[in-house]
Amino acid sequence: MCGRFNVIDDPFTQDLLEQLEVKARLDTQYNIAPTEDIQVVMQEDGANRLRHMRWWLIPSWVKEPGTKYSMFNARAETLEQSPAFRGPFKHQRCIIPASSFIEWKSENGHKHPYSIRPSDQAFAFAGLWDHWGHGAERIYSCSMITTDAVQAFQTIHNRQPVMLPRDAFDQWLNPDIEGDELIHLLRPTLPCALEVLEIDPAINNSRHKKQIKPTGEPFQIWV
DNA sequence: CCAGACGTTGTT
DNA sequence: GTCTGG
DNA sequence: CCAGACGTTGTT
DNA sequence: GTCTGG
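Residues numbered from 1 in each chain as written. Chains lettered and ligands numbered in written order. Predicted model: local features only at pLDDT ≥ 70, side-chain atom pairs only at ≥ 80, totals over all residues. Heavy atoms only, no water.

In the annotation of an unreviewed UniProt entry, the entry for chain A reads Abasic site processing protein, and the organism field reads Marinobacterium mangrovicola. What UniProt records for chain A under Sequence similarities (unreviewed entry) is the sentence "Belongs to the SOS response-associated peptidase family." (UniProt positions renumbered as here; feature names shortened; annotations may be inferred.)

This is the structure:
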């Protein structure tokens, strides 16, 4: 799954936004936790744009926004049945740009945080968005889609975020395409080789918003 | 018909 | 144990 | 995802 | 909003 990630305004994220034809730059944000405000790429009036959204999807039909249900991740396997996600999956898909994400590997009852990142590009995570409320009060929110981890990643965790390859960006963001035509994009794959690095457990505290130092040697995984 | 749920992960 | 906040 | 709270009365 | 359970 993915419950924490980092965004850095660097050449990799700048290149990603350029690929998406978004003329903007990202704010650097370390150790982003669910419910926080993030920047997401979505299509509006035929053009891609960056928009601030809350990382915790609020269905448009709930009476009051809340956190009773876990809405920051959406399982790819059940998207089409889910009352909360199937609507957004049809026409409200987005890309969540990220520089790296964090997973906790569980070993004999203890958890160790790891940072995962591509060596020479930024991630484009597959997401869904929705809005709640009207006018100036309107809240945009989003969720990150997860799927089974590829074999090579399962030593760290059994779930992974869906990482879109560049040739899928256009289809994924196009609201004229129905989600069910794109379900094949949600299978477990890696867009490139990934560097995995054990990091300081200081990351555990979501109030810690600075860059985290590594505690081990990086290793690479690839399919 | 109305009421109530609507979610994920990990662990046992 | 379970909920809230980040 | 993890961390931290989880309560009341009275006084400033 | 839409589905399931009673």
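After that view of the structure, there is still more to cover.
A. Structural context of the environment of A124. Note that A124 resides in strand β9 (residues 123-132). Of the residues examined, A124 reaches a relative accessible area of 3% and is grouped as buried. Taking the C-alpha atoms as reference points, A124 and V162, separated by 38 residues in sequence, lie 8.4 Å from one another. Those residues in contact with A124 that sit more than four places away from it in its chain are L16, I95, I96, V162, M163, L164 and F169. (Helix = DSSP H or I, 4+ residues; strand = E, 2+ residues; numbered from the N terminus. Buried < 20%, exposed > 50% of the residue type's maximum accessible area, 1.4 Å probe, protein only. Contact = heavy atoms within 4.5 Å.)

B. Representation of the layout of surface pockets in the model. When its volume is computed, the largest pocket comes out at roughly 390 Å³. Together, 23 residues line the largest pocket, and I8, S100, S115, R117 and Q211 are the ones closest to its centre. Those elements giving two or more residues to the lining of the largest pocket turn out to be α1 (11-19), β7 (100-107), β8 (110-118) and β12 (194-198). In terms of residue count, the dominant contributor to the lining of the largest pocket is β8 (3 residues). (1 Å grid on protein atoms, 1.4 Å probe; cavity = no way out; pocket = protein on both sides within 12 Å on 5 of 7 lines; lining within 4 Å. Points joined across faces, edges and corners; volume = space filled by probe spheres on them.)

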